[in-house]
Amino acid sequence: MRIGMGYDVHRLVEDRKLIIGGVEIPYEKGLLGHSDADVLLHAIMDALLGAAGLGDIGKHFPDNDPAYKGISSMLLLKKVGELLKEHAYFICNIDATIIAQRPKMAPYREQMRENVASMLGIDVDQVNIKATTEEGLGFTGSGEGISSQAICLLEKPEFYYEAPVYGGCGGCGGCGGAEK
């Protein structure tokens, strides 16, 4: 089993859409970044890549590459999922927290969970997304930006087969519950 942790932060600015967890959230400001600046998905991707020992999102999707200018982080998350499969890693679970004073995230969390699960080909119950404020403290508390943290658990079967009969290793349930 391997654990990964990810963190991301972006500044809130006018004239940008606010996209978090692949959900466009109505708000007067959006997050500034080379891609869509989806802090939640960026933190999740870094956690997954870190757990697999595959670097970080900057290595795979550099912000000086015009191919990623304005790209949806949902597409990048799907590519990270494909990388994990190529390296025979199975996602056991993802737990993430969005840190923002405003807007409220509760109405959007279930759709965020569904988006993450869909892009990674896992069950929704393997993804947990929480949100919190910082009670007016710091850059997130003052409304200057939004940050996110994520942690994940990956499993790589001891004996990996090219075409597993039942889908994987059976360790964490994320792969379908096959035996080694």
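Trainee: Before we move on, could you go through helix α3 (residues 73–86) and cite the residues and values that matter?
Mentor: Helix length check: α3 (14 residues) gives 20 Å between terminal C-alpha atoms against 20 Å at 1.5 Å per residue, within 8%. Within α3, burial applies to S73, M74, L76, L77, V80, G81, L83 and L84. Buried residues belonging to α3 abut α1 (39–51), α2 (57–60), β5 (90–99), α4 (109–120) and β7 (145–155). With a side-chain oxygen lying 3.1 Å from the backbone nitrogen of M74, the N-terminal cap of α3 falls on S72. Following α3 by one or two positions, A88 has its phi on the positive side, about 65°.

Trainee: Can you explain the packing of α1 against α3? Please cite residues and give values.
Mentor: α3 packs onto α1 with a crossing angle of 10° between their chain directions and a minimal axis gap of 10 Å. Here α1 lies roughly parallel to α3, going by the angle between them. Contacts between α1 and α3 involve L41, H42, I44, M45, L48 and L49 from the first element and S73, M74, L76, L77, V80, L83 and L84 from the second. Split into classes, the residues belonging to the contact of α1 with α3 amount to 11 nonpolar, 2 polar and no charged.

Trainee: Go over the pairing of strand β6 (residues 127–132) with me, naming the residues and quoting the values.
Mentor: As paired strands, β5 and β6 are joined by 6 bridges and run parallel to one another. Within β6, the residue paired with T97 across the bridge is K130.

Trainee: Give me the pairing of β7: which residues, what numbers.
Mentor: Counted residue by residue, β7 has 9 buried out of 11 residues, so it is predominantly covered. With 10 bridges connecting them, strand β1 (residues 2–13) and β7 associate as antiparallel partners. Across the sheet, residue R2 finds its bridge partner in β7, namely L154. Pairing between β5 and β7: 9 bridges, direction antiparallel. When the bridges of β7 are listed, I98 appears paired with S148.

Trainee: Describe in detail a nonpolar patch on the surface, supporting the description with residues and values.
Mentor: A contiguous nonpolar surface patch, about 580 Å² in accessible area, is contributed by I3, M5, Y7, V9, F139 and I151. Looking at the nonpolar patch, the element that brings in the most residues is β1, giving 4 residues. Considering the arrangement of structural elements, one finds I151 in strand β7.

Trainee: Which residues make up the side chain of S73, and what values do they have?
Mentor: With respect to the element layout, S73 can be found in helix α3. Classification of S73 as buried rests on a relative accessible area of 0%. Excluding its chain neighbours within four sequence positions, the residues that come into contact with S73 are S35, D36, D38, L41, H42 and M45.

Trainee: Quick rundown of α4? Include the residues and the values.
Mentor: In this model α4 runs 17 Å from its N-terminal to its C-terminal C-alpha over 12 residues, within 8% of the 16 Å that 1.5 Å per residue would give. Among all positions in α4, only M112, R113, N115, V116, A117 and L120 are buried. For α4, the elements touching its buried residues are β2 (18–20), β3 (23–25), α1, α3, β5 and β6. Directly after α4, the chain includes G121, whose backbone phi takes a positive value near 70°.

Basis of the calculations
Position numbers for residues count from 1 along each chain, tracking the sequence in the order it is written. The predicted nature of this model means local features are confined to residues of pLDDT at least 70 and side-chain atom pairs, given and counted, to a pLDDT of 80 or more, with totals for whole chains, interfaces and linings taken over all residues. Side-chain numbers come from the whole structure's heavy atoms, not from hydrogens or water. Helix numbering and strand numbering both begin at the N terminus, where a helix is a DSSP run of H or I of at least 4 residues and a strand a DSSP run of E of at least 2. For a helix, the expected span equals 1.5 Å multiplied by the residue count minus one. Type-normalised accessible area, obtained with a 1.4 Å probe on protein chains alone, sets the label of each residue: buried when under 20%, exposed when over 50%, and partly exposed for intermediate values. It only takes one pair of heavy atoms within 4.5 Å for two residues to be counted as in contact. Any N or O atom pair separated by 3.5 Å or less is treated as a polar contact, with the protein-specific requirement of one donor-capable and one acceptor-capable atom, and with residues adjacent in sequence counted only for side-chain atom pairs. Lines are fitted to the C-alpha atoms to define the axes, a helix being fitted only along its stretch in contact, and any angle between axes, read from their N-to-C directions, falls within 0 to 180 degrees. The labels follow the angle: roughly parallel below 35 degrees, roughly antiparallel above 145, roughly perpendicular from 65 to 115, and oblique for the rest. Just so you know the grouping, Ala, Val, Leu, Ile, Met, Phe, Trp, Tyr, Cys and Pro go in nonpolar, Asp, Glu, Lys and Arg go in charged, and all remaining residues, Gly too, go in polar. Here, strands pair whenever DSSP counts at least two bridges between them. What makes a patch is a set of residues exposed beyond 30% relative accessible area and free of salt bridges, joined within 9 Å when like-charged and within 5 Å when nonpolar (Val, Leu, Ile, Met, Phe, Trp, Tyr). Here the accessible surface of atoms and residues is derived via Shrake-Rupley with a 1.4 Å probe, and residues count as covered only by protein chains that are part of the display. Salt bridge, as applied in this entry: a Lys or Arg side-chain nitrogen positioned within 4 Å of an Asp or Glu carboxyl oxygen.

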